[in-house]
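Observations on chain architecture
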Amino acid sequence: MTVTASAPAATPLDRGLHRPISVAELFTIGIGPSSSHTVGPMRAALDFAQRVAGSEGPQRVTCDLYGSLALTGRGHATDMATILGLAGWAPETLDPDAAPAILVDIAAHGRLSLAGTQPITFATDDVRFHPRAFLPEHPNGMTFTASWADGRTQAETYFSIGGGAIMRQGAPVIAGNVQVPHPFSSGAELLLIGTATGLGIADIVRANEAAWRDPAETDAFLDAVRAAMHACIDHGIAQEGVLPGGLKVRRRAHAIAQGLTGCVPGSNPAEVFEWVSLWALAVNEENAAGGRVVTAPTNGAAGVLPAVLRFYETLVARDFDPAERGEGARTFLLTAAAIGMLYKKRASISAAEMGCQGEVGVACSMAAGALAAVLGGSNAQIENAAEIGMEHNLGLTCDPIGGLVQIPCIERNTMGAVKAINAAYLALRGDGSHVVSLDAVIETMRQTGEDMRSQYKETSLGGLAVNVVEC
């Protein structure tokens with residue numbers, strides 16, 4: 001295995017530019033604090049455990065974390081997520097409140113149930129950090145090694161490529177037998193499909209989703225995502241106290257909400273963005289606490305889309321009947337997904353590759369286009385809004401203090417949400433024609449990410465992470 005002392009120019013992984021992506025891949029209901037560093041490693045660990053567990057399974061499993069996973073893994077709970085994954089837990093089904101007790105039990109007994117079925121000896125230091133070593137394919141690399149009594153070993157390397165998605169080294173990108181009616185890999189193709197068919201962007205995605213499941217199931221999935229987003233906002237507002245991790249960051253959403261109590265959102269135009277900021281803040285405080293969040297498209301940027309969706313439902317659609325408001329939310333999420341698919345195909349949504357422009361920047365772009373759609377924008381105006389949302393996040397670094405998804409991540413989501421709303425209304429004031437295309441800005445983000453020094457890409461080796469003294 002080749003490792004280097006400093007982050008290399010990553011060898012692009014074959015992610016399948018033309019592979020169809022489902023909306024269910026963009027939005028997943030999981031746990032905090034990080035999609036790349038918590039959700040992805042848990043999924044990788046579970047996948048490996050299921051591959052090696054059995055009647056003649058191994059006696060021991062170890063995990064080696066590299067690059068960004070090692071540098072910020074303790075702050076992102078990567079080690080804990082890895083242990084939980086090996087023990088058979090998935091981010092979608094794990095109760096965040098139950099996780100601490102599960103980990104304490106494993107540590108106390110020195111054993112875990114591999115894939116939930118096979119007891120093996122396990123020590124917490126069987127998850128090993130290698131902060132000075134980067135695997136060449138991706139900054140978020142991890143290798144699992146299973147050992148048998150007869151001396152046999154089996155090692156597999158995984159990469160957490162953003163948004164909770166994982167890839168196993170050597171495994172082909174499989175598109176399966178899914179053939180969507182309207183394949184697209186660029187914003188230009190998306191606009192051409194709309195012109196040829198007369199469909200809006202949300203309708204294009206909805207038609208494609210039928211290749212995976214019945215339309216009623218897609219609606220049910222979207223409704224579940226919407227409900228989880230709103231529940232996360234409400235739960236975050238209700239909580240008080242200090243966030244875990246040692247920075248002693250106090251939750252602020254509850255106090256802000258109390259200060260706005262009695263005010264109807266929108267009744268005072270000067271307070272509109274205070275409400276939007278509150279909603280984003282509540283989500284990312286929940287994420288920082290390891291709570292239940294929607295990866296949209298990542299956990300570090302999980303507050304942007306819910307805040308803008310709440311803005312739409314509370315202010316724009318407040319007088320709509322519930323069915324109409326619900327359909328608007330589906331259009332919002334489907335449009336956002338279309339934009340997110342383009343970033344996944346043509347660049348990356350991993351902060352370890354792109355910096356925070358690949359997380360909050362992408363979420364801002366998705367939310368801007370989605371809001372433009374539900375405000376009645378044309379496909380061209382939606383594409384313009386998404387472009388504006390990213391253009392003014394280009395170069396945004398990822399430099400979390402202490403490797404925690406707290407400073408500047410929590411406040412940064414409030415800025416992303418406000419920018420998204422501004423971008424949508426700017427686009428709607430035009431006719432959709434503009435100089436910089438969405439494809440051009442995505443390519444610019446990709447190039448900027450490649451040029452960005454590694455200390456500004458989720459390594460906590462530069463920026464605020466080294467210029468602010470931890471408490």
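Here is what the cut-offs are and how they apply
Residues numbered from 1 in each chain as written. Predicted model: local features only at pLDDT ≥ 70, side-chain atom pairs only at ≥ 80, totals over all residues. Heavy atoms only, no water. Salt bridge = Lys/Arg side-chain N within 4 Å of Asp/Glu carboxyl O. Helix = DSSP H or I, 4+ residues; strand = E, 2+ residues; numbered from the N terminus. Buried < 20%, exposed > 50% of the residue type's maximum accessible area, 1.4 Å probe, protein only. Contact = heavy atoms within 4.5 Å.

1. A closer look at the pattern of salt bridges
Counted by the stated rule, this structure contains 20 salt bridges. Among the salt bridges present, the one from Arg51 reaches Glu156, with a minimum N-O distance of 3.2 Å. In this pair, Arg51 is assigned in helix H2 (residues 35–52) and Glu156 in strand S7 (residues 153–162), connecting sequence segments 105 residues apart. By relative accessible area, Arg51 is classed as partly exposed at 39%. Salt-bridge contacts for Asp234 lead to Arg310; the nearest nitrogen and oxygen are separated by 3.2 Å. Within this pair, whereas Asp234 is found in helix H8 (residues 215–238), its partner Arg310 is found in helix H11 (residues 304–316), the two being separated by 76 residues in sequence. Among the residues examined, Asp234 registers a relative accessible area of 43% and is labelled partly exposed. Connected through salt bridges with shared partners, the residues Arg206, Asp219, Asp223, Glu327 and Arg330 form a single ionic network.

2. Observations regarding the environment of Gly75
Turning to its location among the elements, Gly75 is positioned in the loop between helix H3 (68–71) and helix H4 (78–86). Its relative accessible area of 17% is what places Gly75 among the buried residues. Taking C-alpha positions, Gly75 is 11 Å from Gly32, a pair spaced 43 residues apart along the chain. When neighbours within four sequence positions are excluded, Gly75 is seen to be in contact with Pro33, Gly402, Gly403 and Leu404.

The analysis is restricted to geometry; functional conclusions fall outside its scope.
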